[in-house]
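# Breakdown of the fold
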Amino acid sequence: MAGTNRRNQSSVTEFILLGFGDLPELQILLFLLFLVIYIVTVAGNILIVVLVMTDQHLHTPMYFFLGNLSCLETCYTSTILPKMLASFLTGDRTISVRGCIAQFYFFCSLAATECYLLAAMSYDRYLAICKPLHYVPVMNRRFILQLAAGSWILGSLACSTVIYLMSQLIFCGPNEIDHFFCDFTPIIKLSCSENHLVVLLDSILACVFTLPPFLLTVISYIFIIATILRIPSITGRQKAFSTCSSHLIIVTIFYLTLMIVYMLPKTNQLRVFHTALSVGYTVVTPLANPVIYSLRNKEVKEALRKAAKTYNESTKREHMVQMPWTNHTSITKFIFLGFGNPKEVQILLFVVFLVIYIVTLAGNLLIVALVVADQQLHTPMYFFLGNLSFLETCYTSASVPRLLAGLLVEDRIISFRDCITQLFFLSAFACIECFLLAVMAYDRYLAICNPLSYNIMMNLGVCRQVVSASWITGFSATALVVGMVPQLSFCSANEINNFFCDMEELLKLSCTKSSLVEMIVLISCSLVTLAPFLFIVVSYINILSAILRIASSAERQKAFSTCASHLLVVSLYYGTIVIMYVMPSAEQYPAFHKVLSLMYTVITPMFNPIIYSLRNKEVKGAFRKVMLQNLGIV
């Protein structure tokens, strides 16, 4: 009997985040709104971190703490918003119990760390305004490092004990969390085990770890305001207050919304107000940090102006240096060095690549036609496969026809505009493929790990939404990055050591200092490709663990066969990209670099239909049916 009760108690393994689920007609609008907020938040905070690191005038204690705060805000918002965005897009609001507790841990520890960082920044302003003669000796490098490290360590420790006790709780009844993220009170309400100790400990730790930094912040500003009011000159008072006004606004927004949320009665009448305030300190505050510090802070604005001015002056300087030797506006065409082989070899390469291109087009278009025509392939997995095949057709068509023309007529010249156009479409299709592969991994995760929820979560509407989002996001992200290339100047060298227009090669040819562009490209590529890659890895970790738990060997093979083709395509695609961009510079290994470029632009699109046709029973069955119906053969 006791064993039965224990099994019943441990039956809840996942929670449902209700979030904004009562507004189904606004899900796409909310997705777009929060996606824009997330992108602006991450970009703005990372920009502040970069400015603090690169500008010598910002190498002061105040901006050191600001850089730490911006880094923290990036992590803080990334703890909540990605899951929220996924729920808007897919309608899947479930989160595992472990995942929920992990999300609360990071949210809690980062919020505690922010309290300490804000207190450290207020103490910094107190010393600068109230004790200016002691500021430099006290706020030395070692002390500010200790303050920052102490803030992060104390923030991490603040929630550890509570998280450990929460992990021991049993959840056996309702599993709906009336919130858009995992917070302490909603989780505790769902527990069916004794939780008074956890609640008491949470209250004590909240007072011990968050009340002192709050009181330190308040006391610091009392002294700061009192000191400012004693300054006789109005100009002097304004100047002193301007050094702490941005920080005071951030502190006010953060603590005000936080206090109202946790002191407000938890009633149904105030539910919407409670959710709006929660959005305030979890979403709006991280967004406000870079906005306020860039609009109200002279040093940050000056650093931005200086970065833009340096960029423009370096462009003009390069132009002036190049002027006696060459006209910097004369470069309107580029030359592909390609494979640079003798004519006999080029004819052979032309035939090889022509065959590959025809096979790629025929194979991928055949899969698209089969998915459209065969009713048995009208499932989410094959809907995504059809999109992937169509994408591969476009992807290979963005580079191979130009390559074939160069091999056949030895015309390796491409205009500047055509080069930028080719770069845009190649980059966009590569980004879209990352997203589509991630969506397909999630589809396989649901099919294998949550089969009972599969048909509900992966309905036709959701499939269309995630595919549309993949294409729109890919084109939008690429437009942002590629749009900066025409602003560069190309003054002398115009030979691209590849067979297509690559961002890396174009940046090398630019006679403008392109460090800012390179930084933006790096950040954008990291956000656009790393996130789907990590999503795929996490999905397959769950898939493999679920397959290994299947008792029957035949069932394990059957389950693995449904995702083997996709796993192989992912390995080929990401494997070549990772090797290519992790390996040493292309200047050291140009031949190997070109081979890897061929792999992910030419060979991988060809392998997609081959892998899915040879390893997939449904595709082979659909193909046989078409042959029987139209040609009368098997």
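Cut-offs and rules
All chains use their own residue numbering, which begins from 1 and follows the written sequence. Whole-chain, interface and lining totals are the exception, using all residues; otherwise, since this is a predicted model, local features are given only for residues with pLDDT of at least 70 and side-chain atom pairs are given and counted only at 80 or more. Where side-chain values are given, they derive from all heavy atoms of the structure, hydrogens and water being excluded. Axes, fitted as lines to C-alpha atoms, cover a helix only where it is in contact. Angles between the N-to-C directions of the axes lie from 0 to 180 degrees. What counts as a helix is a DSSP run of H or I of at least four residues, what counts as a strand is a run of E of at least two, and both are numbered from the N terminus. Under this scheme an angle from 65 to 115 degrees is roughly perpendicular, one under 35 degrees roughly parallel, and one over 145 degrees roughly antiparallel; angles in between are oblique. Take the far helix as the reference: if the near one is turned anticlockwise from it by less than a right angle, the crossing is left-handed, and if turned clockwise, right-handed. Contact between two residues is taken to exist if any of their heavy atoms lie within 4.5 Å; hydrogens are not considered. Charged means Asp, Glu, Lys or Arg here, nonpolar means Ala, Val, Leu, Ile, Met, Phe, Trp, Tyr, Cys or Pro, and polar covers whatever is left, Gly included. We call a pair of cysteine sulfur atoms a disulfide whenever their separation is within 2.5 Å. Under the scheme applied here, a residue whose accessible area is under 20% of the maximum for its type counts as buried, over 50% as exposed, and between as partly exposed, the area being computed with a 1.4 Å probe on protein chains only. Grouping buried Ala, Val, Leu, Ile, Met, Phe, Trp, Tyr and Cys residues that are joined through side-chain atoms within 4.5 Å yields what is termed a nonpolar core. Two strands qualify as a pair provided that DSSP identifies no fewer than 2 bridges between them. The salt bridge definition used is simple: a Lys or Arg side-chain nitrogen within 4 Å of an Asp or Glu carboxyl oxygen. Between the first and last residue of a helix there are one fewer steps than residues, each counted as 1.5 Å, and that sum is the expected span. Values of pLDDT, the confidence the predictor places in each residue, fall between 0 and 100. Each Phe, Tyr or Trp ring (for Trp, its six-membered ring) is paired with any other whose centre lies within 6.5 Å, and the angle between the two planes then decides the class: stacked below 30 degrees, edge-to-face above 60, tilted in between.

For any two helices packed against each other, one specifies the inter-axial angle together with the distance between the axes. The interhelical angle for the contact between helix H3 (residues 61-90) and helix H6 (residues 141-158), taken along N-to-C directions, is 20 degrees, at an axis separation of 10 Å. What the angle tells us is that H3 and H6 run roughly parallel. The element H3 and its partner H6 pack so that their crossing is right-handed. Contact residues: Pro61, Phe64, Phe65, Asn68 and Leu72 in H3; Ile144, Leu145, Leu147, Ala148 and Trp152 in H6. Partitioned by chemical class, the residues of the contact of H3 with H6 number nine nonpolar, one polar and no charged.

This brings us to the state of the cysteines. In total, this model carries four disulfides according to the counting rule given. The side chain of Cys100 participates in a disulfide bridge whose partner is Cys182; the two sulfur atoms lie 2.0 Å from each other. Linking Cys100 and Cys182, the disulfide has an S-S dihedral of approximately -120 degrees and is accordingly described as left-handed. A residue pair is termed long-range when its members are at least 10 positions apart, and Cys100 in helix H4 (residues 97-130) and Cys182 in the loop between strand E3 (176-177) and helix H8 (184-190) qualify at 82 residues. Both residues of the pair, Cys100 and Cys182, belong to the buried class.

In terms of nonpolar packing, the biggest core is built from 153 residues, with Phe15, Phe34, Met166 and Phe353 touching the most fellow members. When residues of this core are assigned to their parent elements, the largest contribution, 19 residues, is made by H4. Beyond its immediate chain neighbours, meaning those up to four positions away, Met166 contacts Ile101, Phe104, Phe171, Phe184, Ile187 and Val198. Of all hydrophobic cores here, the second largest spans 21 residues; its members include Phe336, Val485, Met503 and Val517.

As a further point, take the sheet that holds strand E2 (residues 94-96). Here we have three strands laid out as an open sheet, ordered E2-E1-E3, and mixed in their pairing. The two strands at the open ends of the sheet, each matched to only one other strand, are E2 and E3.

Going through the model one piece at a time under the given rule, you end up with two salt bridges. Close ionic contact of Asp124 with Arg125 constitutes a salt bridge, the shortest N to O distance being 2.8 Å. With respect to burial, Asp124 and Arg125 carry one shared label: buried. Its salt-bridge partner being Arg444, residue Asp443 comes within 2.8 Å of it at the nearest N-O pair. Assessed through its relative accessible area of 8%, Arg444 is described here as buried.

Our focus in this paragraph is helix H15 (residues 380-397). Here H15 contains 18 residues, and its C-alpha end-to-end distance of 26 Å stays within 8% of the 26 Å for a straight helix at 1.5 Å per residue. Judged by how many residues are buried, H15 sits mostly within the fold: 15 of 18 residues are covered.

What follows deals with the environment of Tyr574. With respect to the helices and strands, the residue Tyr574 is situated in helix H22 (residues 553-582). On the basis of relative accessible area, Tyr574 is assigned to the buried category, the value being 6%. The contact partners of Tyr574, leaving out residues within four places of it in the chain, are Cys434, Leu437, Thr529, Pro532, Phe533 and Ile536.

The next point concerns the packing of helix H2 (residues 27-54) against H3. Close contact between H2 and H3 brings their axes to 9 Å; oriented N to C, the two are set at 160 degrees. Judged on the interaxial angle alone, H3 and H2 are roughly antiparallel. In the crossing of H2 with H3, the sense of the turn from one axis to the other is left-handed. Looking at side-chain class alone, the contact of H2 with H3 contains 20 nonpolar, nine polar and one charged residues.

On to the environment of Cys71. Its place among the elements puts Cys71 in helix H3. The spacing of Cys71 and Ile46 is 25 residues in sequence and 6.9 Å in space, taken between C-alpha atoms.

Turning to the environment of Phe214, a few remarks are in order. In this structure, Phe214 sits in helix H9 (residues 196-229). A C-alpha to C-alpha distance of 8.5 Å links Phe214 and Leu118, two positions 96 residues apart in sequence. Setting aside residues up to four positions removed in sequence, Phe214 forms contacts with Tyr255 and Met259.

Side chains Phe15 and Leu17 of strand E1 (residues 14-17) all project onto a buried face; the interleaved residues Glu14 and Ile16 project onto a face where none is buried. As paired elements, E1 and E2 share three bridges and run antiparallel to each other. Pairing of Phe15 across the sheet is with Ile95, part of E2. Pairing analysis gives two bridges linking E1 to E3, with the strands arranged parallel. Of the residues in E3, the one forming a bridge with Leu17 is Ile177.

Time to look at helix H19 (residues 460-482). Over its 23 residues, H19 runs 33 Å from end to end, which matches the ideal 33 Å to within 8%, given 1.5 Å per residue. Those residues of H19 that sit buried are Val462, Cys463, Val466, Val467, Ala469, Ser470, Trp471, Gly474, Ala477, Thr478, Val481 and Val482.

The subject of this paragraph is the confidence of the model for the protein. Looking at the protein, the pLDDT average stands at 79 and 85% of residues meet or exceed 70. The spread of mean pLDDT over the elements of the protein runs between helix H1 (residues 2-9), the lowest at 42, and H4, the highest at 90. With pLDDT under 50 throughout, residues 1-10 is counted as low confidence; its partners more than four residues away or in other chains account for seven contacts. In this model residues 315-329 is a low-confidence stretch, pLDDT under 50, and it forms 13 contacts with partners more than four residues away in sequence or in other chains.

This paragraph deals with the sheet that holds strand E6 (residues 495-496). Taken in spatial order, the three strands line up as E5-E4-E6 in an open sheet, and their pairing is mixed. Where the open sheet ends on each side, the last strands, each with one partner, are strand E5 (413-415) and E6. Relative to E6, strand E4 (residues 333-336) runs parallel, the two being bridged by two bridges. Counted as the bridge partner of Ile335 is Glu495 from E6. Contacting E4, E5 and E6, helix H17 (residues 416-449) crosses the sheet at an angle of about 85 degrees to E5.

So, about the packing of aromatic side chains. Taken as a whole and judged by the stated rule, the model has 26 aromatic pairs. Look at Phe15 and Phe171: their rings are 5.0 Å apart centre to centre, the planes differ by 85 degrees, and that puts the pair in the edge-to-face class. Remark: Phe171 occurs in the loop between helix H7 (160-167) and E3 and Phe15 occurs in strand E1; sequence separation between them is 156 residues. This pair shows no difference in class: Phe15 is buried, exactly as Phe171 is. Between Tyr123 and Tyr126 the ring centres are 6.1 Å apart and the planes differ by 25 degrees, which places this aromatic pair in the stacked class. With Tyr123 and Tyr126 both in helix H4 and three residues apart, this pair spans about one turn of that helix. A residue is classified by how much of its surface remains accessible, and Tyr123, at 25% relative accessible area, is partly exposed. Looking at Tyr126, the relative accessible area reads 17%, which means it is buried.

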